[in-house]
Amino acid sequence: MNIIRIEDPADLRVAPYLSIRERDLVGREGRFVAEGKVVLNVLFAAGRFQAESVLVLENRLAGMTETLALAPDGMPVYVASAAVIDAIAGFHMHRGILAIGSKGVAPSVDDMLAALPERALVAVPVGISNHDNIGSIFRNAAAFGADAVLLDETCCDPLYRKAIRVSVGAALKVPFAVGGTASELADALSRHGFGQLALSPAGEADIRDMPRPGRLALYLGTEGEGLPEPLLKRLTTARIRMAPGFDSLNVAAASAIALHYFTDATG
């Protein structure tokens, strides 16, 4: 391991880690922050994104041996005391394990869809602005074997630090692409032979009564407003049956139920 001791929070080598919360808001010019041992395991093992460096609390280094063995050869591993790391981050970092990754060149929607197998399941969040929900959708996509996630232009960034953390690293593993409007995503999915199903409490039928095409895109809308009305009019809709008098699920819970069902469904 290329271990480098950091004594000064102003050391330019750790500049990408400075003021983490503030830079979460303004962006990192093509970079992202991964946080925690489990997330770093996924970052290194999946290999979808390039890791530039790691910043580790000195008393956590010994427990990171197996994780760091997965990292690229020669990658800098910066080690510092708790006081120095807190000064760098701008708040107390109780996990004490961070990495900087590069987003690289994002794939186009068409390129990603063209690369998927003949039988594929894709989650399509639309208008999801809550990072917890985006992270949970990615976690569910990984858990139930979805092949990709397509996000419309109004969704929040799945590589935001909190979204990655909530996803338990799945946002670094599950392929994704960000398109334009929901309508443009629907056009692209049609071009690539996907059946498209929109989840809605007012859906035409229970998801268990819907056939599973070989290629299926599953649309997930915001809580409260749901999917846009023009999209609902364009697509086949389905609902998750609930107890009488109740018709609302958190979008993360709804994604888990639907992805689980359609992973195993035949048709």
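Heads up: the structure comes first, above all this text.
How each quantity is defined
- Residues numbered from 1 in each chain as written.
- Predicted model: local features only at pLDDT ≥ 70, side-chain atom pairs only at ≥ 80, totals over all residues.
- Heavy atoms only, no water.
- Helix = DSSP H or I, 4+ residues; strand = E, 2+ residues; numbered from the N terminus.
- Rg over C-alpha atoms; globule rule 2.2 N^0.38 Å.
- Buried < 20%, exposed > 50% of the residue type's maximum accessible area, 1.4 Å probe, protein only.
- Contact = heavy atoms within 4.5 Å.
- Areas by Shrake-Rupley, 256 points an atom, 1.4 Å probe, with all protein chains shown as cover.
- Lys, Arg positive; Asp, Glu negative; His and termini not counted.
- Charge placed at Lys NZ, Arg CZ, Asp CG, Glu CD.
- Pairing = 2+ DSSP bridges.
- Axes fitted to C-alpha atoms, helices over the stretch in contact; angles between N-to-C directions.
- Arc of directions from axis to C-beta.
- Salt bridge = Lys/Arg side-chain N within 4 Å of Asp/Glu carboxyl O.

**Re the overall build of the protein**
Alright, step 1. On a plain count of helices and strands, the protein comes out with 10 helices and 12 strands.
Alright, step 2. Against the globule reference of 18 Å for 267 residues, the protein gives a C-alpha radius of gyration of 20 Å, in line with a compact fold.
Alright, step 3. In terms of principal-axis extent, the alpha carbons of the protein reach across some 60 × 40 × 30 Å.
Alright, step 4. Counting the 267 residues in the protein, one finds 51% classified as buried.
Alright, step 5. Within the protein, residue pairs in contact and separated by at least 24 positions form 80% of the contacts whose partners lie at least 6 positions apart.
Alright, step 6. As displayed, the protein has an accessible area near 12,300 Å², and 52% of this comes from carbon and sulfur atoms.
Alright, step 7. Computed over 25 positive and 30 negative side-chain charges, the separation of the two mean positions in the protein equals 4 Å.

**Notes on the environment of Gly-74**
Alright, step 1. Along the polypeptide, Gly-74 turns up in the loop between helix H3 (65-68) and strand E4 (76-80).
Alright, step 2. A relative accessible area of 53% places Gly-74 in the exposed class.
Alright, step 3. With 156 residues separating them in the primary sequence, Gly-74 and Pro-230 have C-alpha atoms 52 Å apart.

**Points about the sheet that holds strand E5 (residues 97-102)**
Alright, step 1. Taken in spatial order, the 5 strands of this open sheet run E1-E4-E3-E5-E2, and their pairing is mixed. The open sheet has two edge strands, strand E1 (2-5) and strand E2 (31-35), and neither has a second partner. Averaged over neighbouring strand pairs, the angle between their axes works out to 25 degrees when direction is ignored.
Alright, step 2. Taken together, the 4 bridges between strand E3 (residues 50-57) and E4 define a ladder with parallel strand orientation. Among the inter-strand pairings, Val-54 is bridged to a residue of E4, identified as Val-77.
Alright, step 3. Helix H2 (residues 37-46) rests against E2, E3 and E5 of the sheet, and its axis sits at about 130 degrees to E2.

**Observations regarding helix H4 (residues 82-89)**
Alright, step 1. Every buried residue of H4 is accounted for by Val-84, Ile-85, Ile-88 and Ala-89. For H4, the arc enclosing every buried residue in end-on projection is 125 degrees, short of the 170-degree limit, so these residues lie on one face.
Alright, step 2. Of the residues one or two after H4, Gly-90 is the one with positive phi, at around 95 degrees.

**Some words on unusual backbone geometry**
Alright, step 1. At Ser-19, a position not held by glycine, the phi torsion is positive, near 50 degrees.
Alright, step 2. Relative to the helices and strands, Ser-19 resides in the loop between E1 and helix H1 (20-26).
Alright, step 3. Here Val-168, not a glycine, exhibits a phi torsion of approximately 55 degrees, which is positive.

**A short note on the pattern of salt bridges**
Alright, step 1. For the coordinates displayed, the defined rule picks out 12 salt bridges.
Alright, step 2. For the salt bridge of Arg-191 with Asp-110, the shortest nitrogen-to-oxygen distance reads 2.9 Å. Taken together, the residues Arg-191 in helix H8 (residues 182-191) and Asp-110 in helix H5 (residues 109-115) connect sequence positions 81 residues apart.
Alright, step 3. What makes Arg-191 exposed here is its relative accessible area of 54%.
Alright, step 4. Relative accessible area serves as the criterion here: at 30%, Asp-110 is assigned to the partly exposed category.
Alright, step 5. For the salt bridge of Arg-208 with Asp-206, the shortest nitrogen-to-oxygen distance reads 3.0 Å.

**What about the sheet that holds strand E6 (residues 120-125)?**
Alright, step 1. Read from one edge of the open sheet, 7 strands run E8-E7-E6-E11-E9-E12-E10, paired in parallel fashion. Among the strands making up the open sheet, the edge pair consists of strand E8 (176-178) and strand E10 (205-206).
Alright, step 2. Both strand E9 (residues 195-199) and strand E11 (residues 215-220) contribute to a ladder of 4 bridges, which runs parallel. Paired with Gly-195 across the two strands is Leu-216, which belongs to E11.
Alright, step 3. This element, helix H6 (residues 131-143), spans E6, strand E7 (148-151), E8 and E11 of the sheet and lies at about 155 degrees to E7.

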